[in-house]
Protein chains: 2
Amino acid sequence: MNSIELLASLAQPASSKMVMLIMDGLGGLPHPETGLTELETANTPNLDELAAGGTCGLSEPIGPGITPGSGPAHLALFGYDPVADNVGRGVLSALGVDFPLQKQDLAARINFATIDAAGKVTDRRAGRIPTELNRKLCQKLREIKIPGIEIFVETESGHRAVAIFRGENLSDQLADTDPQITGVPPLAVTAISDEAGPTAAIVNRFIEEARQRLADDHPANMVLLRGFAKHPSLKTLPELYGIRCAAIAVYPMYRGLGRLVGMDALPAGQNVGEEIDALERAYDQYDFFFVHVKPTDTNGEDGNFAGKVAVIEEVDRLLPRILDLKPDVLVVTGDHSTPALLKSHSWHPVPFVLSSNWAMPDETIRFGERACANGRLGVFPARTVMAMMLAHALRLKRFGA
Amino acid sequence: MNSIELLASLAQPASSKMVMLIMDGLGGLPHPETGLTELETANTPNLDELAAGGTCGLSEPIGPGITPGSGPAHLALFGYDPVADNVGRGVLSALGVDFPLQKQDLAARINFATIDAAGKVTDRRAGRIPTELNRKLCQKLREIKIPGIEIFVETESGHRAVAIFRGENLSDQLADTDPQITGVPPLAVTAISDEAGPTAAIVNRFIEEARQRLADDHPANMVLLRGFAKHPSLKTLPELYGIRCAAIAVYPMYRGLGRLVGMDALPAGQNVGEEIDALERAYDQYDFFFVHVKPTDTNGEDGNFAGKVAVIEEVDRLLPRILDLKPDVLVVTGDHSTPALLKSHSWHPVPFVLSSNWAMPDETIRFGERACANGRLGVFPARTVMAMMLAHALRLKRFGA
């Protein structure tokens, strides 16, 4: 019996409420001038009080040294095995735009890009075109016809879109076309395993047609495809634990991640304050809430140390609105670290606090990387968070006599 | 090679003595008025001195968030995989009353219960009848005859007894008859897997006969059966590690748990002081002693914070008698937490200290939840305790060249 099955076998009904507040990319590294991380720099009286009364530690998304993408990082927090149950980006993108993905569908992330007269990539993001232009270009791509294949193209935002190919026997064993650098042509789609050859031919034909149709749309005159994937069949959180789950996230992919594990994706507005509005509105209808804050990660990726500090302080100011709902279990953590100094996701374990009437407090009295390192949980696997939340919500029976 | 096989392959003889002192349900949660747990409240100069000189940490019985029953919690401390080697309650009950269980036997816990004229359960514990009455009722149940099956019925204590069915091809794939609530009739025994059908019929016949024979014995006019189980075939501690093991426990089930892994269950008297008498008497004849203290758990289950504190203080006062024996390795911990505030077993990891001439002391100078959280072992799996004890007893060879 693996741990998710064991946990599911112990699930019992309760009326308790759980909130998992994820600040994307929360963990950081010390600023060279101050020696303090983004979170340690931020003025966070409410998070500090939460840490003082709760159980603290550092959540490790996948394993020592492993830097996760958003997919595995969130699946781990939702209690799944992030390696065995890894989900491709194409699927996440499709779910994030509310696309009703079917079992036979093959999905891929599209990035609009710029190529020069020689066909070499000059901008992998097409100057980050506005979403409105993206919509017009997707409309063009929808007109591409390939016999036996139904093609869907949906805008995500900016330069990002998603393609879904529907047909018989499509394979997701395909390599990305994004060369990851400029000055070279896009890669052709290649089959990673033999049976994917016909699918590679179909996708290459789509890309060639797209190139022709976008020829006059500089800077968005090319598409790069990556993250080819089919729908995984995960047992959902409602199925596993008998809990009604809601995802509250401004950014589409995180709503998609929530849907993948059986959450209802609620209208979440455009910022953290509106996300908490959504939480308040839906509070009576669900048992478990996943609330996702994106700009911590965005600022980290941009190397904007002060911007990330400001987002953390904004969340801290809004935290009392969540506390006023009196959830039985509140977890605040990140899906991974995105140190502004590194300008990218990283492997560093992430500050974590669990607050509950049944939480054993430790001696941690601040919410920060070093403070949480001294918490009683130490460095622990993110995939145990769900078990801890269910336990503190008194939603797990005793194991064995 | 699993870890128990690795450990066994390294076992070597020695003359060292090991004592594992288990305070059942030791871990707790802070009292709202003082902010201190039961153990943190107790005056424990001897345990504190042990912590100051030993290696400390928090022992996690099964895994994060999992609340264990007594069976898996002890099997983990004895070094077994508590999930793979989970033992049913029926077997634990049978072993606890010194019943010589055979391989083909099927055992089940009996709870005497009260049903009304409509056959609905009104008290799942029959008003907790005295043990003497229990003995008379068991005598009645022994008179039930089912062709081809030998039936044994033994008193545990209060409303609890155990039934053993001996016959060919009996299956333990049976669901409990205890409905867990009052106001409904007992459940019939149902087969969980197909081959258990004939066994279900046998047990249902036993229950029907019991109902008829107990009709005039209100409040104990019915039996509820649960925890159907057969004897697991665990390699014993003497087989694995070449150590002579003794179990010293007042409460039957814990003697049974010890026997299951090859311990001799010694006459243990009626209280902790008499248990230590037993330890002193048998000290020369064994290498490993499991000493079990029950009332910490009983008080926790009853929500008696002060009572649990008092039991811990009693153990602390008696500890010098164990220290006077100069065991080479002394471990003091619990099998799980039973916070008085929660009035039940819980998932919280348990304070742990290992004292030995070869133990690396840490900076922990008190024996308590928060003090041990800062111990060098951090939160660690209970099933590693046996390896640590054998190592500090110098009973494990080097691994590899």
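Here the structure is shown first, and the text comes after it.
This text gives an overview of the structure that appears in the document. Each residue is numbered by its place in its chain's sequence as written, counting from 1. Here chains are named by letter from A upward and ligands by number from 1 upward, in the order in which they appear as written. Local features are withheld for residues below a pLDDT of 70 in this predicted model, meaning they are given only at 70 or higher, and side-chain atom pairs are given and counted only at 80 or more; totals for whole chains, interfaces and linings count all residues. Values shown for side chains rest on all heavy atoms present in the structure; no hydrogens or waters enter the calculation.

### A look at the pairing of strand S6 (residues 160–166) of chain B
All names here are of chain B.
Here is step 1 of the chain: For S6, a buried count of seven out of seven residues is recorded, marking the element as mostly surrounded by other parts of the structure.
Here is step 2 of the chain: A simple rule labels every residue: compare its accessible area, found with a 1.4 Å probe on the protein chains alone, to the largest value its type can have, and call it buried under 20%, exposed over 50%, or partly exposed in between. Only DSSP runs of H or I covering at least 4 residues are called helices, and only runs of E covering at least 2 are called strands; the numbering of each starts at the N terminus. Residues of S6 alternate between two faces, with Arg 160, Val 162, Ile 164 and Arg 166 on one and Ala 161, Ala 163 and Phe 165 on the opposite face, all of them buried.
Here is step 3 of the chain: In the sheet, strand S3 (residues 106–115) pairs with S6 via six bridges, with the strands oriented antiparallel. Looking at the pairing, Ala 107 lines up with Ile 164 of S6.
Here is step 4 of the chain: Direction of pairing for strand S5 (residues 150–157) relative to S6: antiparallel, over a ladder of seven bridges. Across the sheet, the residue bridging to Glu 154 is Val 162, located in S6.
Here is step 5 of the chain: Whether two strands pair depends on DSSP finding at least two bridges between them. Linking S5 to S6, which pair antiparallel, is a turn of two residues; within it Gly 158 sits at a positive phi near 55°.

### Observations concerning the layout of surface pockets
All names here are of chain A.
Here is step 1 of the chain: Points on a 1 Å grid, built from protein atoms alone, make a cavity when a 1.4 Å probe fits but cannot get out and make a pocket when they are open with protein on both sides within 12 Å along at least 5 of 7 lines; residues with an atom within 4 Å of a point are the lining residues. Grid points are joined across faces, edges and corners, and a volume is the space filled by probe spheres set on the points. Roughly 940 Å³ of internal volume is contained in the second largest pocket.
Here is step 2 of the chain: As for the second largest pocket, its lining consists of 32 residues, of which Arg 89, Arg 109, Arg 226, Glu 301 and His 345 are closest to the centre.
Here is step 3 of the chain: Looking at the lining of the second largest pocket, the elements with two or more residues in it are helix H4 (70–77), helix H5 (89–96), strand S3 (106–115), strand S7 (222–229), helix H9 (252–260) and helix H11 (295–301).
Here is step 4 of the chain: Under the convention adopted here, Pro, Cys and the residues Ala, Val, Leu, Ile, Met, Phe, Trp and Tyr are nonpolar, Asp, Glu, Lys and Arg are charged, and Gly plus all remaining residues are polar. Among the residues making up the lining of the second largest pocket, the classes are represented as eight nonpolar, eleven polar and 13 charged.

### Some remarks on the sheet that holds strand S13 (residues 379–381) of chain A
All names here are of chain A.
Here is step 1 of the chain: In spatial order, the strands read S9-S8-S10-S1-S11-S12-S2-S13; together these eight strands make up an open sheet with mixed pairing. If you trace the sheet from one side to the other, it starts and ends with strand S9 (264–265) and S13, each paired once.
Here is step 2 of the chain: In this sheet, strand S12 (residues 350–356) lies alongside strand S11 (residues 329–333) in antiparallel orientation, the contact comprising four bridges. Paired with Leu 330 across the bridge in S12 is Ser 355.
Here is step 3 of the chain: Note on contacts: a residue pair is in contact if any heavy atoms of the two residues lie within 4.5 Å. Angles shown run from 0 to 180 degrees and are taken between the N-to-C directions of axes, each axis being a line fitted to C-alpha atoms and, for helices, limited to the stretch in contact. Seen against the sheet, helix H12 (residues 305–323) touches strand S1 (18–23), strand S10 (288–293) and S11 and runs at an angle of roughly 170° to S1.

### Section: the packing of H5(A) against H9(A)
Residue and element names in this part refer to chain A.
Here is step 1 of the chain: Packing of H5 against H9 leaves a shortest axis separation of 7 Å and a crossing angle of 100°. In terms of axis orientation, H5 runs roughly perpendicular to H9. Residue-level inspection shows Arg 89, Val 91, Leu 92, Leu 95 and Gly 96 of H5 in contact with H9, the latter providing Pro 252, Met 253, Arg 255, Gly 256, Leu 257, Arg 259 and Leu 260.
Here is step 2 of the chain: Residues belonging to the contact of H5 with H9 are distributed by class as follows: seven nonpolar, two polar and three charged. For classification, angles of less than 35 degrees are called roughly parallel, those exceeding 145 degrees roughly antiparallel, those between 65 and 115 degrees roughly perpendicular, and all remaining angles oblique.

### A short note on empty space enclosed by the protein
Here is step 1 of the chain: Applying the stated rule across the entire model yields one cavity of 30 Å³ or more.
Here is step 2 of the chain: Of the pockets and cavities examined, the largest cavity occupies roughly 120 Å³.
Here is step 3 of the chain: Forming the walls of the largest cavity are 13 residues, and the residues nearest its centre are A:Arg376, A:Leu377, A:Met388, B:Trp347 and B:Pro349.
Here is step 4 of the chain: Classifying every residue of the lining of the largest cavity gives seven nonpolar, four polar and two charged.

### As for unusual backbone geometry
Here is step 1 of the chain: The step from A:His218 to A:Pro219 runs through a cis peptide bond, and the omega angle for that step is 15°.
Here is step 2 of the chain: Among the structural elements, A:Pro219 can be located in the loop between helix H7 (197–213) and S7.

### What to know about the relation of the copies chain B and chain A
Mapping between the two copies of the chain is achieved by a rotation about an axis and a shift along the axis.
Here is step 1 of the chain: To superpose the copies, least squares is applied to the C-alpha atoms of every residue with a pLDDT of at least 70 in both. You can overlay chain B on chain A at an RMSD of 0.3 Å; the transform is a turn of 120° with a shift of 0.1 Å along its axis. Look at the turn and shift together and you get a three-fold axis relating the two. The position closest to the rotation axis in chain B is occupied by the C-alpha of B:Gly378, lying 4.0 Å away.
Here is step 2 of the chain: Comparing contact sets, just 3% of the residues at the interface of chain B also lie at the interface in chain A, consistent with a heterologous contact between different surfaces.

### So, the pairing of S3(A)
All names here are of chain A.
Here is step 1 of the chain: The buried fraction of S3 is high, at ten of ten residues.
Here is step 2 of the chain: Side chains Leu 106, Ala 108, Ile 110, Phe 112 and Thr 114 project from S3 onto one buried face, and the interleaved Ala 107, Arg 109, Asn 111, Ala 113 and Ile 115 project onto a second face that is buried too.
Here is step 3 of the chain: Both S3 and strand S4 (residues 121–123) contribute to a ladder of two bridges, which runs antiparallel. Directly across from Ile 115, in S4, lies its bridge partner Val 121.
Here is step 4 of the chain: Counted between consecutive antiparallel strands, the loop separating S3 from S4 contains five residues, among which Gly 119 sits at a positive phi close to 85°.

### Quick notes on the pattern of salt bridges
Proximity of charged atoms lets side chains of opposite charge pair with each other.
Here is step 1 of the chain: Salt bridges are defined by distance alone: a side-chain nitrogen of Lys or Arg within 4 Å of a carboxyl oxygen of Asp or Glu. Applying the stated criterion to the full structure yields 39 salt bridges over all chains.
Here is step 2 of the chain: Across the salt bridge formed by A:Arg244 and A:Asp287, the nearest N and O atoms sit 3.0 Å from each other. Here A:Arg244, found in the loop between helix H8 (237–241) and strand S8 (245–249), pairs with A:Asp287, found in the loop between helix H10 (272–282) and S10; they are 43 residues apart in sequence, far enough to count as distant.
Here is step 3 of the chain: The residue B:Glu132 makes a salt bridge to B:Arg135 at a minimum N-O spacing of 3.1 Å. Taken together, the residues B:Glu132 and B:Arg135, both in helix H6 (residues 131–142) and three residues apart, mark about one turn of the helix.
Here is step 4 of the chain: Classification of B:Arg135 as partly exposed rests on a relative accessible area of 43%.
Here is step 5 of the chain: Sharing partners across several salt bridges, the network here consists of A:Glu143, A:Glu209 and A:Arg213.

Distances and angles like these do not, on their own, reveal function.
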